[in-house]
Amino acid sequence: VAAAAGGPGTNHAVDDPFTSERTSWYRQDKFGMFIHFGAYSNLEGAYTRPDGSVCENAEWIMRQCAIPKEAYEKQAASFDPAQFDAKAVVKAAKDAGQRYIVFTSKHHDGYTMWPTKQNRWNLRDHSSFDKRRDLLAELKKESDAAGIKLGFYYSIWDWHDPDFADPATFPRYKKRMYAQLKELVDSYDPALFWFDGEWDTDNPVNRWSRRDGAELETYLRELNPDLVINNRVGKRGVVEGDFGTPEQEIPDAPVAGQLWESCMTLNDSWGYAAHDTHWKSAGRLVRNLNDVAGRGGNFLLNIGPDRLGRVPAPSLDRLAAMGRWLRTAGQGESVYGSEAAGLVAEPSWGSVSRKGDKLYAAVHEWPGAGKPLHLKTEAPVEVTGARVLGSGQRVAVAPAGDGLDLTPSGTAPAPASSVIELSLKPTP
Ligand code: FHN
């Protein structure tokens, strides 16, 4: 929660992220796809040391398994994600109901996924990949065609560039970093930047200073004033960007004073890890999406393609299930363009979002037939109509205790019907 709230800080946005035209697509779209894909994916989560022992990790494998730089570079030279299919990835996002994509242009290992001119540590110059291909250009083309916004993750922390770790040469690193960001803007026109690694660059000598974050944000806004930028552009609590980034968690209440986005993995890993089969259930993920929407946030759900660029089948299955839920009976109305309900307390049986004069209660635990769902109100609420989306069942609404009882007519609603729409008396 602290990461989302961020504390008092500075926003160098050109306008107010809560209301600006610039962020309107982001506030409307609500649900995005994170993609962690890089040189680490080539190891698929396991590094075999010279002595034959195996060390497991995912996108942190270089550091956590203490892989010598030369060995890491050697394995990256065989990276050939020939089967990465941007069209299929974008389609998977679209079918899942995800409306924007955030792709790791550069993770902590410093390896860039586009042909940067700043060094040769990139997918064009240091791989076995087809030199004519450019994954970011492919993603951009397909995203544009599908009406999906494309943004880039970029790690400030760099384990590979020797200039990063030396205070004397850090300015040189920074210059290259600025040049890389300009390349990204000029070549692929991203809608969003998602920075990372500012939190612990190379402790205890953390060179990413208060001033660096502010400068970077200003630089980016000069490159393109329409950019949406996350808060990890600078030290947390100092530079806020446009939105907070709680990670692998959902704040337990709406976050005051900042747009926010929960990012989350489908299993326990960001990058591909063959050993990680700890997949979240589709039901859990839908509930997470509802909880995030009910608390006013965005949800950025991650996939990690394998070394050939293929998206794991369990990821695709879960994304497809989420898309089906969103398309069923207009249930997506409870997510897209919604905000925290505000008028009611979050019930134990689900979550409630608001869009104009409608409240959407996503129900995850139905009571027995004829039994009510209780909704505690925190402000006067005048309901003019209530129904279960999809099943056509009416819902009786009656004052009870500290709020309202909602009682669906007839037997328990069909399992696929899980949103109650409450129409409110229009505000004058
Ligand atoms: O260290 C990274 C991690 O690998 C991953 O990229 C996540 C995604 O939000 N961010 C960092 C941890 O905060």
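Keep in mind that what you see is a predicted model, and the values were worked out from it rather than measured.

**Here's the deal with unusual backbone geometry**
Part 1: Of note in this structure, Glu-44 is not a glycine but carries a positive phi near 55 degrees.
Part 2: Structurally, Glu-44 is set in the loop between β1 (31-35) and β2 (46-48).
Part 3: A positive phi angle is found at Ala-66, which is not glycine, with a value near 50 degrees.
Part 4: For Ala-66, the position within the fold is in the loop between α3 (61-64) and α4 (69-76).
Part 5: Under the C-beta neighbour-count criterion, Ala-66 is labelled exposed, with 11 such atoms within 10 Å.

**Here we look at helix α7 (residues 170-188)**
Part 1: Here α7 is 19 residues long and its end C-alpha atoms lie 27 Å apart, about the 27 Å a rise of 1.5 Å per residue gives.
Part 2: Looking at α7, one finds that the buried residues are Tyr-173, Met-177, Gln-180, Leu-181, Leu-184 and Tyr-188. All buried residues of α7 lie within an arc of 95 degrees about the axis, which places them on one face of the element. More than 90 degrees from the buried face of α7, the exposed residues found are Pro-171, Lys-175, Ala-179 and Asp-186.

**Details of the site of the ligand**
Part 1: Close to the ligand lie Glu-59, Trp-60, Asp-196, Glu-247, Cys-263 and Trp-270.
Part 2: Tallied by class, the residues present in the shell around the ligand amount to 3 nonpolar, no polar and 3 charged.

**Here we look at the confidence of the model for the protein**
Part 1: Looking at the protein as a whole, its pLDDT mean stands at 92, while 94% of the residues score no less than 70.
Part 2: In this model, residues 1-8 is a region of pLDDT below 50 whose contacts with residues beyond four sequence positions or in other chains number 24 contacts.
Part 3: Reported confidences for the modelled complex are a pTM of 0.96 and an ipTM of 0.99.

**Notes on the pairing of strand β4 (residues 100-106)**
Part 1: In terms of burial, β4 is a largely internal element, 7 of the 7 residues being buried.
Part 2: Bridging between β1 and β4 involves 4 bridges; their strand directions are parallel. Its bridge partner lying in β4, Phe-34 is registered against Val-102.
Part 3: In the sheet, β4 pairs with strand β5 (residues 149-155) via 6 bridges, with the strands oriented parallel. Within the sheet, the bridge partner assigned to Ile-101 lies in β5 and is Leu-150.
Part 4: Handedness of the crossover joining β4 and β5 through helix α6 (residues 135-146) is recorded here as right-handed.

**Considerations on the pairing of strand β13 (residues 358-363)**
Part 1: Where burial is concerned, most of β13 is hidden: 5 out of the 6 residues are buried.
Part 2: One ladder, built from 6 bridges, connects strand β12 (residues 350-355) with β13; its direction is antiparallel. Bridged to Ser-351 within β13 is Ala-362.
Part 3: Sheet topology places β13 next to strand β18 (residues 419-424); 5 bridges connect them, and they run antiparallel. When the bridges of β18 are listed, Lys-358 appears paired with Ser-423.

**Some remarks on helix α10 (residues 313-327)**
Part 1: Here α10 is 15 residues long and its end C-alpha atoms lie 21 Å apart, about the 21 Å a rise of 1.5 Å per residue gives.
Part 2: Within the sequence span of α10, burial applies to Ser-315, Arg-318, Leu-319, Met-322, Trp-325 and Leu-326. Buried positions in α10, seen along its axis, are confined to an arc of 120 degrees and lie on one side of it. Opposite its buried face, α10 presents the exposed residues Ala-313 and Arg-327, each directed more than 90 degrees away.
Part 3: Packed against the buried residues of α10 are α5 (86-96), α9 (282-294) and β10 (298-303).
Part 4: Just downstream of α10 lies Ala-329, where phi reads positive at about 50 degrees.

Definitions and limits used
- Residues numbered from 1 in each chain as written.
- Predicted model: local features only at pLDDT ≥ 70, side-chain atom pairs only at ≥ 80, totals over all residues.
- Helix = DSSP H or I, 4+ residues; strand = E, 2+ residues; numbered from the N terminus.
- Buried ≥ 20, exposed ≤ 12 C-beta atoms within 10 Å, placed from the backbone.
- Expected span 1.5 Å × (residues − 1).
- Arc of directions from axis to C-beta.
- Near = placed C-beta within 6 Å.
- Nonpolar A, V, L, I, M, F, W, Y, C, P; charged D, E, K, R; others polar.
- pLDDT = per-residue confidence, 0-100.
- Contact = placed C-beta atoms within 7 Å.
- Pairing = 2+ DSSP bridges.
- Right-handed = clockwise from strand over helix to strand, strands pointing away.

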